[in-house]
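Given next are the chains, with one letter for each unit.
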Amino acid sequence: MGKLKIFLPECVNASKYPAYYSSKTLFNRNLIGKLLFSALLFFFILNGLHGKCNCPDKNIIRTPDFSCHDETEAFPEIFPEAIYNPVKICNAPVNESTIIATSAGQYKIFFIYNPGDADKMMSVSSLNGIEWSTPEKEFELPGIAYYANQVVESNDGTLHSVFHIRDEGKNGYNGRHYNLWYTRKVREASEWEPPKEIYNGYVGSIRNFIELKSGRLLMSFGKAVPERSKKPDGNSKDYGWNEIMILYSDDNGDKWHAANNTLNIEIDPDKTTRYGAVEPVIVQLKNDVLWMLIRTNKGVLYQSFSDNNGETWTVPIPSKFTSSDSPAQFLRLKDGRLLLFFNMNQRWDDPNSYAFGGREVLHAALSYDDGKSWKGFREVLRATADKREIRGDRGTAYPSAVETNDGKVILVSGQGESKFVVMFDPEWLIEVNVPENSMIDPDEWTVYGSGDIIHKEYSEKEQKIRFLAGSAMDSRLNPEVVWNFPALASGEMIMEIEFINECPDVNLSFTDHFSISGDSVASEHSVFQFVLANVYGEAKNIPVRIKWNSDKQIAELFIFDKKVSETGFTRIPEFGLNYLRAGVPASIDNMKWGFGLRTVAVK
């Protein structure tokens, strides 16, 4: 197939790609620079590369708004193999899109326009995950649908699709139905078969549809239980108004059968919504056992197992995965490793906030031993804006992903303004050493919920990032900036800290999940924390080193290479630590506080 070219979209930070940044600077500087750049471009052309957007019939899309670049503009190039950390390629078409890799060598994203007519299954396709076609109609729907859909290609090349159709009836939720429909397109056929209804009732968002090693097609979903629409009286257990149902087919989708049992999870009664068990995802392990992870409102994903190809399932129990009230997704890589996407988020100052923990960031973790242990837990997608008053679904949840031919991962995820197609190398998740100064990129620090309180100031010359009190500073809060790194059970972080405007203290908290910057009590729920007092007078950059050991449950603080403090863990993190929160304690009344960080590394 040869080398594929990609064009850096506008949403890519050019400073992360020096060749790109330098070429733009050179081109815009002067006539000599333009001539040099033109010669460089001509060299690439001679080597079979094309430096400008070649969009025949306007059918190639390379920008976040799914529109073609101006063909008169030349763009520097980057190869897919150069992608390492997550790069936003373009906007996803709509919420809850689904991506698959076909046996024909294409990557296809399936979606339903909503808002919109919502009466057609649509798709966009790509050969490299970077250049995407314009939307095409796959088939007409037998009514008005919701976003949710799932598509899988079976081993014989048949495409199978499931989706919702809106309806009314008594088997739903307060009279509302989202009936489940199915259709397929066999390999030799040019058209999809007429869809058929396979379940009548209220079906929640469909997050799972797979083919097992046996050839069995299997899907799982949350469905409404009409008699549980209202909260039970007295001291009765409340399982919410949904339960998990499993359907399977052994004849390529002709007939569908229900598993022998449904799955229920008692809800947290202190939360404002009571969905119950919803939006399950399933992966088949190497020993053929099926592993299901279930969205709940209890701060963790629950899990269930089946050892008979999905016909019966164990009673759900809590997993080790901290999660907001959001769904997960599995991806089996070609080398056998297992990839898990989920929102490893919690909200401590407002337990009943949106999605009970939030969807500001989406995480990915990698397992080499079929789910027994996990590494990474890094942010692969962040929400685009800090809009606390926005209503409706939003954030980075609802992932769907595939592996490319050269081992990269294409992810489509997010809702509202934060829905994107992303590409990254799974090796990035498990970096053993985070390079020096990697933390200095201001884009790597999030301030969700504190955007008007904390101002980020980056100095490329000094290789330093400063955090300064903003216009809406409130001393009642704990304004903190948040940074994610690869999870480490035992590790060491080094940095230099600068106290600004007589800031007396800086708080450093280490934890094992994401909480927004504006969560005023998140540090109280960290694994450990140190408060650094400014007792160093005129010293501008204070060298700090922090070491932790999960086995011993001890953290140590070194300043000027001298141990000055030691503290114990408040709890044992399941997978190690992967977050630093840095800020000032709420007791500080100085409205002009600030601190800077430079020369930061993790190992």
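The paragraphs below set out a description of the structure included in this document. Owing to the predicted nature of the structure, the values given are computational and were not obtained by experimental measurement. (Residues numbered from 1 in each chain as written. Predicted model: local features only at pLDDT ≥ 70, side-chain atom pairs only at ≥ 80, totals over all residues. Heavy atoms only, no water.)

Some thoughts on the overall build of the protein
Counting its regular elements, the protein contains two helices and 38 strands. Expressed as a percentage of its 603 residues, the buried residues of the protein come to 56%. Here the analysis covers contacts within the protein between residues at least 6 apart in sequence; of these, 62% occur between residues at least 24 apart. Total accessible area computed for the protein in this model is approximately 25700 Å², and 50% of it derives from carbon and sulfur atoms. (Helix = DSSP H or I, 4+ residues; strand = E, 2+ residues; numbered from the N terminus. Buried < 20%, exposed > 50% of the residue type's maximum accessible area, 1.4 Å probe, protein only. Contact = heavy atoms within 4.5 Å. Areas by Shrake-Rupley, 256 points an atom, 1.4 Å probe, with all protein chains shown as cover.)

Details of the side chain of Gln415
When you line up the elements, Gln415 lands in the loop between β25 (409-413) and β26 (420-424). For Gln415, the side chain forms a polar contact with the side chain of Arg359, separated by 3.0 Å. Excluding residues within four positions of it along the chain, Gln415 makes contact with Asn95, Glu96, Tyr354, Arg359, Asp393, Arg394, Gly395, Ala397 and Tyr398. (Polar contact = N/O pair within 3.5 Å; in protein donor to acceptor, adjacent residues only side chain to side chain.)

Focus on the sheet that holds β25
The strand order β3-β26-β25-β24 describes an open sheet built from four strands, whose pairing is antiparallel. The sheet is open, and its two edges are formed by β3 (87-91) and β24 (400-403), each paired on a single side. Taking each pair of neighbouring strands and ignoring which way they run, the sheet shows an average axis angle of 20°. Where β3 and β26 come together, four bridges link them in antiparallel fashion. Residue pairing in the sheet places Cys90 in a bridge with Val421 of β26. (Pairing = 2+ DSSP bridges. Axes fitted to C-alpha atoms, helices over the stretch in contact; angles between N-to-C directions.)

Some details on the layout of surface pockets
Reported here for the second largest pocket is a volume of approximately 1100 Å³. The wall of the second largest pocket is formed by 37 residues, among which Val152, Glu153, Ile210, Leu331 and Arg332 lie closest to the centre. Of the residues contributing to the lining of the second largest pocket, the split by class is 15 nonpolar, 14 polar and eight charged. (1 Å grid on protein atoms, 1.4 Å probe; cavity = no way out; pocket = protein on both sides within 12 Å on 5 of 7 lines; lining within 4 Å. Points joined across faces, edges and corners; volume = space filled by probe spheres on them. Nonpolar A, V, L, I, M, F, W, Y, C, P; charged D, E, K, R; others polar.)

Here's the deal with the environment of Ser413
Structurally, Ser413 can be placed in strand β25. Not counting the four nearest positions on each side in its chain, Ser413 is found in contact with Leu362, Leu381, Thr396, Ala397, Tyr398, Pro399, Ser418, Lys419 and Phe420. Separated by 3.2 Å, the side chain of Ser413 and the backbone oxygen of Ala397 make a polar contact.

A word on the packing of aromatic side chains
Tallied over the full model, the rule gives 34 aromatic pairs. For the pair Phe510 and Phe528, a centre-to-centre distance of 5.0 Å together with 15° between the ring planes defines the contact as stacked. Of this pair, Phe510 sits in strand β32 (residues 505-511) while Phe528 sits in strand β33 (residues 528-533), and the two are 18 residues apart along the sequence. Given the relative accessible area of 0%, Phe510 is considered buried. Seen from their ring centres, Phe510 and Trp548 are 5.4 Å apart, and the 40° between their planes marks the pair as tilted. With a gap of 38 residues between them, Phe510 in strand β32 and Trp548 in strand β34 (residues 542-549) connect regions that are remote in the sequence. An identical accessibility class is assigned to Phe510 and Trp548; each is buried. Connected via pairs of aromatic rings, a cluster forms that spans Trp445, Phe467, Trp483, Phe485, Phe510, Phe528, Phe530, Trp548, Phe569 and Phe595. (Phe/Tyr/Trp six-rings, centres within 6.5 Å; stacked < 30°, edge-to-face > 60°.)

Focus: the pairing of strand β12 (residues 208-211)
Strand direction decides the pairing type here: β12 and strand β13 (residues 217-224), joined by four bridges, are antiparallel. Within β13, the residue paired with Ile210 across the bridge is Leu218. In sequence, β12 turns back onto β13 through a hairpin of five residues, with Gly215 there showing a positive phi of about 95°.

Topic: the sheet that holds strand β20 (residues 329-332)
Judged by pairing direction, the sheet is antiparallel, and its four strands sit side by side in the order β20-β21-β22-β23 without closing on themselves. The open sheet has two edge strands with one neighbour each: β20 and β23 (375-382). The mean angle between the axes of side-by-side strands here comes to 25°, regardless of whether they run parallel or antiparallel. Note that strand β22 (residues 361-367) and β23 share six bridges and pair antiparallel. Within the sheet, the bridge partner assigned to Leu362 lies in β23 and is Leu381.

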